[in-house]
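A look at the structure
Each chain is listed here by its residues.
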Amino acid sequence: MEAAVSSDGESAGELVLRAVALVPWTRYALAALALAAALLYRFLELHFLGDLLRGLRGGRVALTFHPESQVYHRVVSKCRSLHGRYLATPWLASPHLQTLFLSISGRPPSFTYRRQLYTVRDGGTIALDWLLASDLEAADVDSCDESISRDDSAPLLVVIPGLTSDSSAAYVKHLVFSMASKGWNVVVSNHRGLGGISITSDCFYNAGWTEDMREVVNFLHQKYPEAPLFTVGTSIGANIVVKYLGEEGESTPVAGAASICSPWDLLVTNRFISRKLVQRLYDRALAIGLKGYAKLHQPVLARLANWEAITSSSSIREFDRHATCVVAKYETVDTFYRKCSSANYIGNVSVPLLCISALDDPLCTREAIPWDECRANKNIVLATTTNGGHLAFFEGLTAGKLWWVRPVSEFLCALRDSSYMHRQKAQEHGLHSSLESSIDKTPYVNFMEDGMVAAVTNDGPDKDDSLHSQIVSEIELNDGMVAIQQNEHTGEIQNESDSGVGDKNNSEGNVASVQGHEGNHKQREEPDANNIRDAIAPVRRSIHQITRSQGKSVWLLAYIAVVTSWPLLGALGYFLFRKRFSNSMLANKPKKL
């Protein structure tokens, strides 16, 4: 088929090219700019046009909570910010622009911390940076000698920063300044190796490491028992806070908490961050930050892991494979992500908890948010916004404030003034709590495999018996000697082995004395040649002494055993003597004539 030609002999293609050439180049430039703007608008996930179509009113804050949640009805209902709208700064109407601006500038308030170094049990060092409410009133923090007293009842807030962040981060300073200006004392618990502090042990922090937070919280609670304790976690710090609350349950001294932009499920978040091009850029940027953190502590980390593999890591997953899993002793990266995800611990959170997340968060995807788990827990209120980025939520024309700081402060202040603060449930530790019985309130003795004897006693006096007072036990171990001392109301038990000191009779055997209300009971046993009998002799003597000094308890247990076992014995006797009983009945039955 021949191509169509014009009257002048030109083909259709040539006519199109001539028509295109007649269009001015400026039109093509404008079209190229429009296409680039559309692609950039899509790539950066800008939402300015959507905000403009909504009249610059912003989107409503969506709340997820249990219908019977008193935390929502009595506390969150008083927070105006959570029942309003959020409008992002117009020239930062993008989650990527907000997140980038927060990391570059953030416009934090200006103040100076007080630093306190805290050493944890394994030898690690944590920098605690304080900002007291009184510091904002003083012109110079260094000249202000005022500190927190032990009986100070001002609320205390503990802030846990995000990955590779410390107290100098802009978003941390926004929160700290806001709470301190409301009369709160705030302390930022920096992660190990951050805040200008060297690693002083072979332990590094990670996304699921809650031991440091546990020690800091317990330390602050013991040092300031009158101050209600609250905590706020951001990003990875939020994952640590929620995981810690789930691990502790009702035994935590934390009265209330907030979680900001938590990753929730580390495995899902890791899959998300390597999905698209823009997310892969974040992945690489965070990996660079982690490698920078590793270089600060190269002498320690190079000794524990493969340093060349760490420095060649180009993603968070590779860094976790070569560094985190090796130091923390996780089998695989997925194992680490699964075990350290805070979404697994939400059901056990017993503290009023406010969770804030942005649905356009470029790092922590909405796919990881545990909607149903948050809805099922009466202590949790989940607030989600359409926009906000990662920890940014800039608002106002000058982007001078972070929106999430306001609802957090409103929530914590409303919770502080309410009766719904969490109260720590008394929990007893050690052998006493594991061996405590509601039947017998007398002292317990634990027999070890090596023949050692350890006393396990009740902490408090028995309210129903005035003769029972608090038991004070002291265990002394010296060359095989075990001495257990109790007060005069409960008796005294002492076991002494051969020490080579004393008269000849005492050196041949163990002397055990039991002193009760009626007097002293003394027994002596000569050593047997058999090694087995010598090994079990202290145990037999201790049981015999306990039986004599605590006769009532033994008789009570014997009575309970008889009462509970007689039906079983009766049934057993019936089956054993049933045949004999039936034969005797037939023999005595009169025969028919």
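Under an unreviewed UniProt entry, the name given to the protein chain is AB hydrolase-1 domain-containing protein, and the source organism is Urochloa decumbens. Taken directly from UniProt, the Sequence similarities (unreviewed entry) text for the protein chain runs: "Belongs to the AB hydrolase superfamily. AB hydrolase 4 family."

**Topic: the environment of L128**
Relative to the assigned elements, L128 resides in strand β5 (residues 125–131). A residue is classified by how much of its surface remains accessible, and L128, at 0% relative accessible area, is buried. Sequence separation of L128 and N190 is 62 residues, and the distance between their C-alpha atoms is 6.3 Å. Setting aside chain neighbours within four positions, we find L128 in contact with R114, R115, Q116, Y118, V187, V188, S189, V216 and F219.

**Observations regarding the pairing of strand β9 (residues 254–260)**
Across the seven residues that make up β9, a large majority, seven, are buried. Alignment of strand β8 (residues 229–234) against β9, held across six bridges, turns out to be parallel. If you follow T234 over to β9, its bridge partner there is I260. Following the chain from β8 across helix α8 (residues 236–248) to the adjacent parallel β9, one finds a crossover that is right-handed. Where β9 lies against strand β10 (residues 353–358), four bridges are found, and the strand directions are parallel. Within β10, the position partnered with I260 by the bridge is I356.

**Remarks on the packing of aromatic side chains**
Counted under the stated rule, the structure contains 15 aromatic pairs. Note on F111 and Y113: the rings are 5.0 Å apart at their centroids and 80° apart in plane angle, and the pair reads as edge-to-face. Between the aromatic rings of Y330 and F336, the centroid separation amounts to 5.1 Å while the plane-to-plane angle is 55°, which identifies the pairing as tilted. Following the ring pairs from residue to residue traces out a cluster consisting of Y86, F393 and W403. Geometry around F111 places K173 over its ring, the cationic atom sitting 5.5 Å from the centre.

**Re the side chain of D360**
With respect to the helices and strands, the residue D360 is situated in the loop between β10 and α15 (371–376). Despite its burial, D360 pairs with no opposite charge, the nearest such side chain being R366 at 7.1 Å. A distance of 3.2 Å separates a polar atom in the side chain of D360 from the backbone nitrogen of G389. When residues no more than four places from it in sequence are discounted, the contact partners of D360 are H47, P95, T386, N387, G388 and G389.

**Examining the state of the cysteines**
Taken as a whole and judged by the stated rule, the model has zero disulfides. The thiol of C364 is not disulfide-bonded; the next cysteine sulfur, from C261, is found 6.6 Å away. Of the residues examined, C364 reaches a relative accessible area of 9% and is grouped as buried.

What counts and how
Residues numbered from 1 in each chain as written. Predicted model: local features only at pLDDT ≥ 70, side-chain atom pairs only at ≥ 80, totals over all residues. Heavy atoms only, no water. UniProt positions renumbered as here; feature names shortened; annotations may be inferred. Helix = DSSP H or I, 4+ residues; strand = E, 2+ residues; numbered from the N terminus. Buried < 20%, exposed > 50% of the residue type's maximum accessible area, 1.4 Å probe, protein only. Contact = heavy atoms within 4.5 Å. Pairing = 2+ DSSP bridges. Right-handed = clockwise from strand over helix to strand, strands pointing away. Phe/Tyr/Trp six-rings, centres within 6.5 Å; stacked < 30°, edge-to-face > 60°. Lys NZ or Arg CZ within 6 Å of the ring centre and 35° of its normal. Lys, Arg positive; Asp, Glu negative; His and termini not counted. Salt bridge = Lys/Arg side-chain N within 4 Å of Asp/Glu carboxyl O. Polar contact = N/O pair within 3.5 Å; in protein donor to acceptor, adjacent residues only side chain to side chain. Disulfide = S-S within 2.5 Å.

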